[in-house]
Structure formats: C-alpha cells, structure tokens
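This is what each chain is made of:
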Amino acid sequence: MREIALVGNPNSGKTSLFNLVTGSNQRVGNWPGVTVDRKEGFWKEDKELKIQDLPGIYSLSPYTPEEIIARDYLLARQADAILNIVDGTNLTRNLYLTTQLLETGIPVVIGLNMMDLAEKNGQQINADKLAYALNTPVVPMSALKNRGVSKALKEANQVAYHEDAYPVYSDRLEAALGEIATILGQTVAERQARWYAIKLFERDIRVSQELSLSQFQTKEIEEIIAITEKIFDEDSESILINERYSFIEGVVKLCYSEEADIKATLSDRIDRIVTNRILALPIFAGVMWLVYYLAIQTVGAMGTDWVNEVLFGDWVPNYLAAGLEAVNVAPWLQNLILDGIVAGVGAVLGFVPQLLVLFFCLSILEDCGYMSRIAFVMDRIFRKFGLSGKSFIPMLVATGCGIPGVMASRTIENEKDRRMTVMLTTFMPCSAKLPIIALIAGAFFPTSSWVAPSAYFIGMTAIVLSGIALKKTRLFAGDPAPFIMELPAYHLPIFKNVLRQTFDRGWSFVKKAGTIIFVSSILIWFMMTYNFQLQEVAEGDSILASLGRVIAPIFAPLGFGNWQAAVATISGLIAKENVLGTFGILFRNISEVSENGQEVWGALQAAYTPVAAYAFLVFNLLCAPCFAAIGAIRREMGDFKWTMIAVGYQTGLAYIVSLIIYQYGHIIFEGGSFNLMTIVATGLFLAMLYLIFRKERKVPQAIMNMEDIIVGSEK
Ligand code: GDP
C-alpha cells in the first residue's frame, strides 16, 4: 500500500481531481482539533493507492490552521509521494508552494492542471522544460476534461526519492544553508537536512522547539543567520522569499510563453523608450507640444480663423443683420441678437475647429495605449513625492472635463489621497479652458508655439508641487496607495473609436454653447446695455461695468485690473467658455469700426500687455472651476468645509502664481518698476518654496491611523 498526498493552492483543482480519481471510495472526516475537512480515498484504478487530500494552501509557513495541518502531515512522513496540483494559468504564484514541497525530502510529482484553459488563453507551458528546471516529473493535465489525470497518479505511484530534487538558490544563501546543515550533523535524517536548514534559517519557532538543539548549535546557527542578514541587508525570512521568487522567475522564463509575446515584444521595445527613466518626460513634453501645436497653432487655427473671420465675422452678422432689418425687428432685439448672442456664442463656437483637432489627437494617444504609459510614468514620479499614480487617471480625464475627472477620484481608496486628488484635478486645462488658452496665445503670442502647451504644463506642475507641499501637512500626510496597472499592448488606433470620441467631445462643447453660453450671453448683454434704472446707457455706465469696477481692483496687482477682465473671470464661474463669450461681447462693441473677426484681438492687445494677458490666462486656468465642477467637488468631498478648502486653495494658488508671473514678467519683459506688490510676490514665492522643500514632519503612524479613523467617521 502506498499513500500519496494531494497538495496545492486553493482553487488549483484538487477537489475536482480527488472526486474524479476516487469516485465513491471516499471518507470525509475532520482533522483532529480543527474543523478543517479531512478527505481520504482510494484510487479507482488501483485500490492499493491511498490518496490523502490536504487543505488548499499557499505556503508551508506555520500561520494558518490549514498550513499547520498540511505541514504536520507531511513532516510525519506518512505520504510516500506528493502530487502537487499546479494551476498552469497561474504558474508563478503556484510554484511558490512547489519550491517548499520540493524541500521536504518527499518525492514530488507536478500535476500541471488547467491546461485546457491555458491553451485557450494562448499560454504555452513546456512541461519537459519545467520538469528539467524543477528536477522532478511534470504531467500536463486537465481535471475538468479528465485529461492526463491517470498518468499523473501513475507517475506519483512510482516516483522515488532522489537527492538534489530541490531548488538551488544564490551562492551566498547556499553557503549559509550548507553551514547550518553541517552544524545539525546527525541531529536530523539526511533526507530532511535541507528542510530543517531552511526552516532554522527562517527562524521557524516550531522547528527549533521540535529539534531541541544544544546551546552551542543554537548560538552558531544564529551567528550564521546574522551574518547572512547583514550581507543581504534584509531579515532572513525576506531573503528566502526573494530567493524563492527569483528561482521561480528563472523557471518560468525557461518554460513559459504567451502567444501575445510577439506583439508584446514590440510593445516592450517601444516602452523601453517612452517609459525610460530619463526620456519619458521629455518625450511626453514633445508629444504634448506637437498636439497643441497642431491644434491651437496650425491646423486647428486655420479652421478657427475661417470661422471667426468669415462665418462669424462676416456671413452670419451681415446676412442676419440684413434679414432682421428686412423683417423690421425692433432695434433693441437686433442689438441683442447681433451684439449679444452672435458675439458671445460665436466667440465660443469659433474655437470648435481647434478643439476638434485637439480632441482628435488626444483620442489617438488614448486609443493606441500611450496615455496609460503616461499614467505609469507619472506614478513613478508621483511616488517619489509620496503621491499615488492613481491620482493621474482623474487628471487625464479632467483634460476633457473636470466633472468626470473629479468623479474618477473615487477609485482611490486612501481617503486623504482621494481628497487631495479631488482638490487638484481641476488644475488641468479642461476643454472649456482651451478657448481661453487659444485666444491669449493667438492674440498676444501669435509667433511663439510654447504658450499653448505651457498651460498644460503649468496645470501639471501646479498639481505635482501642490501635492508635494500638501503631503507635508497633517491634513494629507501618509503613504500613497499602491498602484498596479496592466499596460495593454500598443495597437494602431481604431479610426472609428477615435472619430466617435472626437465627435462626442466636440458635440458636448457645441451643446453647451447653445445652452449655458447662450443664456449667459443674453444676461451679459443685458447687464452691459442697461444701468440699474434699466435705462439704455453707454457700456461704461452699465450694470456690468459698475459691478466689474467693484471687483477689478482685486486683479490690479495681476495686471488685468479693468472691469472687463474682472467680469470675464467671474462669468467664467458659470462656464469657462463664458470668459471668451464675455470678451466677444465686450470688445466687439468697442471697435465697431473693424470688420473682421480679429477685432477682438486688436481690442485685447490695446487693453492688456502680453504679460498681463499671460497672468490672466494662468489665473483662469488654476482658479475655482465652473459651478458644475464645484458641485462635483462638493459631492465627492461630502461636506461644505472641504469644498471650501478646495475652492479656496485653488483660487488662492491661482492668485499667487499669477501675481508672481505678472510682477516679475512685467519688470523683466516690459520695463515695469519694482513696487510694494513685487515685494509681496517675492515673499509669497519664498513661502511657496519653503512649503515645497521643507523637511517632512514625521507624524507617528499611530496618530495617523487615528486621524484616518476620525476623517473616515466624518463621512
Ligand atoms: P480546489 O480548491 O483546489 O479544490 O479546486 P476545485 O477542484 O474546487 O476547482 C476550482 C475550480 O476550477 C472549479 O470551478 C473547477 O471546475 C475548475 N477546474 C478544476 N480543474 C480544472 C481544469 O483542469 N480546467 C478547467 N478549465 N477548470 C478546472
């Protein structure tokens, strides 16, 4: 009578195999002292073979009841052989247990299960090479399809003990294990020397109690372990875990391949360049520059020029004016339609061509797999500063619209990281902010291609630097959540997907122009045409101007302290496109002499210096997002206080950064003079540097955990 033990990870298919080969010859009981099932049976084909089903386990360490049962049973050496059921679709994880089974000194046969599934997945395992690498028999099988099962049992019925059938680790570790085995000498049987040497090295308490070593032996072994730990700079248990995995890595490399490999290797080669530690960011910067160059500066700009100059600069206003005149529409209504709606909505719609090109380029980058690489690269960078790469996904989403961006932060488990991400995500230029960027770039910097992409990088820099500074405060301290993501293989973008995505995004922009911007335009036109007594007045005496003048002084230190810019900024809270719409209405009216669509540009150039315009751009990029996005922040934050913190932080940072840009830019490029505000800007700049670079205050873990609980319970 021979006895074999079935050992394997949970879900490797042990039960399926056991039921298949024993049929009705089973006995189910309990292991002594625990409620874990004990199942025994006899092989249908040979009643002389007893099969012992052991609980599913991941390792032979003595931590769970299942592990202890399996281990005690194996060490009691009732089994003549082990049939190790390995899930072939999960080779690396399953082989971890195998390395330990091979060390018990009991002969092992590998039943390489789930081969039907592996084949379907395109995973190829060369069983001969696996047998060679593990120095033990391997039988491919499928318990589900009853393939190779009898062969596996036959093999297990015959297999005999042979020396060296165990994994060999690195020289340094082997040297230590060899010395421990020598110290043990005759204390243990030769077949078990490997097992005991390893367990003693791991400082396994059950083993040292069981062996009752002499004081001398214990001391010598402890010295060997201590020296090895010093060499490896790790504790002994971790050393072994690492060694096991690198052994497995070698085995898997030898015998495992995937059909997708050919594709994957090309992807790998591309990845070696685009995710390269040094090149990744410059490449990304280059790619984004190209995208913005195409969209804002060249191809898209040609479309926008046409729309602005011909469509909304000539055709629509002229034909519409003639039409309205012909049917005798009241002058005020003509005024509303032409100077209000057409000017406002038209200014926004003018950017549709640029946006379409931009959306098209971004869709291609997303569809082909490049953007997920960027998330991976950002994770590496973010992690250095204690931020999680998970935060990057919401930011990527926010380049379309801040609202889904804020909502995408839900995937972040760590509460503090999540709050921080919600707070920072809207720094990314969303599609509604792009027209502002395009307008400023076009009107003030027509020859330089860096202005448009710089908005993107300012947004990202604001996020990263804010993250670093905030992480050092108590509100957000803590380790980042681990971020694991699969990088899909690159593929050629699917044209249909790209077009669909471009169209969807473009359409939602147009829809917004027809609704929110339409209504806002009417409102702004009204406030610009009338005074508080509802008398039609010159623009400078209108409701809008009066309100704007109250707010304008706040923006004076940023260079754009006239009432028009103040009004545009405030109207941007309703929707960022309004900033454009407002300018369209306000400045079109001023220069009625000019006929073409560039009149707004000319009026803007007359009103602001380039540095002031850039400061305006940066302020609108970073300040509080539109009301709809603030609503999303409120929902995700869960309370009013946090919403206020977020909006306050965004607006405050926007103000400080614009102040610094204008104060210094004005002096450097426009011959401005040093003044009190420059000193304030300098002070704020130094304070920012301090917050970013100061040494992190280590908050004791216990306190942090407590804060987690407190923060968590607020919800
Ligand atoms: P145990 O936890 O190791 O006892 O695993 P089970 O025998 O309960 O199997 C886990 C799951 O894997 C079940 O759904 C089985 O039907 C399935 N399974 C077992 N062996 C195979 C196999 O060779 N091929 C496939 N495709 N599925 C299998």
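The structure we're discussing is the one just above.
Quick look at the structure, then.

Conventions we followed
- One numbering rule holds for all chains: residues counted from 1, following each sequence as written.
- Reporting of local features is limited, given that this is a predicted model, to residues whose pLDDT is at least 70; pairs of side-chain atoms are given and counted only at 80 or more, and all residues count toward the totals for whole chains, interfaces and linings.
- The basis for every side-chain value is the complete set of non-hydrogen atoms in the structure, without hydrogens or water.
- Burial classes: relative accessible area under 20% of the type maximum marks a residue as buried, over 50% as exposed, and values in between as partly exposed (1.4 Å probe, protein chains only).
- Only DSSP runs of H or I covering at least 4 residues are called helices, and only runs of E covering at least 2 are called strands; the numbering of each starts at the N terminus.
- Whether two residues are in contact is decided by their heavy atoms, any of which lying within 4.5 Å being enough.
- For helices, the fitted axis covers only the stretch in contact; all axes are lines through C-alpha atoms, and the angles between them, taken along N-to-C directions, range from 0 to 180 degrees.
- Roughly parallel covers angles under 35 degrees, roughly antiparallel covers those over 145, roughly perpendicular covers 65 to 115, and oblique covers all other angles.
- Crossing handedness is read from the near helix: turned anticlockwise from the far helix by less than a right angle, it gives a left-handed crossing, and turned clockwise, a right-handed one.
- Amino acids outside the nonpolar list (Ala, Val, Leu, Ile, Met, Phe, Trp, Tyr, Cys, Pro) and the charged list (Asp, Glu, Lys, Arg) are all regarded as polar, and Gly is one of them.
- Only residues whose relative accessible area exceeds 30% and that take part in no salt bridge are eligible for patches, with like-charged residues grouped when within 9 Å of each other and nonpolar side chains (Val, Leu, Ile, Met, Phe, Trp, Tyr) grouped when within 5 Å.
- The Shrake-Rupley method, run with a 1.4 Å probe, gives the accessible areas here. Residue values count only the displayed protein chains as cover.
- Whenever Lys or Arg places a side-chain nitrogen within 4 Å of a carboxyl oxygen from Asp or Glu, that contact is recorded as a salt bridge.
- Residues are classed as near a molecule or strand on a simple rule: at least one heavy atom within 4 Å of it.
- Polar contacts here mean pairs of N or O atoms no more than 3.5 Å apart (in protein, one a potential hydrogen donor and the other a potential acceptor; neighbouring residues in sequence count only if both atoms are side-chain atoms).
- One less than the residue count of a helix, multiplied by 1.5 Å, gives the span that helix is expected to have.

## Regarding helix α8 (residues 193-201)
So, step 1. Counting buried positions over the 9 residues of α8 gives 9, a clear majority of the element.
So, step 2. Looking at the buried residues of α8, the elements they touch are α2 (65-75), α3 (91-102), α7 (171-184), α9 (205-211), α10 (215-232) and α11 (236-255).
So, step 3. Phi turns positive, to about 60°, at R203, one or two residues after α8.

## Some words on the packing of α3 against α11
So, step 1. Running from amino to carboxyl end, α3 crosses α11 at an angle of 120°, the nearest separation of the two axes being 9 Å. Taken together, the axis directions place α3 and α11 in an arrangement best described as oblique. The handedness of the crossing between α3 and α11 comes out as right-handed. On the side of α3, the interface is formed by L91, T92, L95, Y96, T99 and Q100, while α11 contributes I241, R244, Y245, F247, I248, V251, V252 and C255.
So, step 2. Here the residues of the contact of α3 with α11 sort into 10 nonpolar, 3 polar and 1 charged.

## Quick look at a nonpolar patch on the surface
So, step 1. Taken together, the side chains of F674, L676, M677, I679 and V680 make up a nonpolar region of the molecular surface, amounting to roughly 490 Å² of accessible area.
So, step 2. With respect to the element layout, L676 can be found in helix α32 (residues 676-693).
So, step 3. Judged by its relative accessible area of 62%, L676 is exposed.

## Regarding the site of the ligand
So, step 1. The ligand sits among 15 residues. The nearest are N11, K14, T15, S16 and D116.
So, step 2. Contacts to the ligand include G13, whose backbone N or O atom sits 2.9 Å from an oxygen atom.
So, step 3. Contact between the ligand and A143: an oxygen atom at 2.9 Å from a main-chain N or O atom of the residue.
So, step 4. For the ligand, whose free accessible area comes to 570 Å², the fraction covered by protein is 71%.
So, step 5. When residues in the shell around the ligand are grouped by element, the largest group, 3 residues, is from helix α1 (residues 14-22).
So, step 6. Tallied by class, the residues present in the shell around the ligand amount to 5 nonpolar, 8 polar and 2 charged.

## A short note on α3
Spacing of three or four residues puts side chains on the same side of an α-helix, whose turn is 3.6 residues.
So, step 1. In this model α3 runs 16 Å from its N-terminal to its C-terminal C-alpha over 12 residues, within 8% of the 16 Å that 1.5 Å per residue would give.
So, step 2. Among the 12 residues that make up α3, 10 are buried, leaving the element largely enclosed by the rest of the structure.
So, step 3. Among the residues making up α3, those that are buried are L91, N94, L95, Y96, L97, T98, T99, Q100, L101 and L102.

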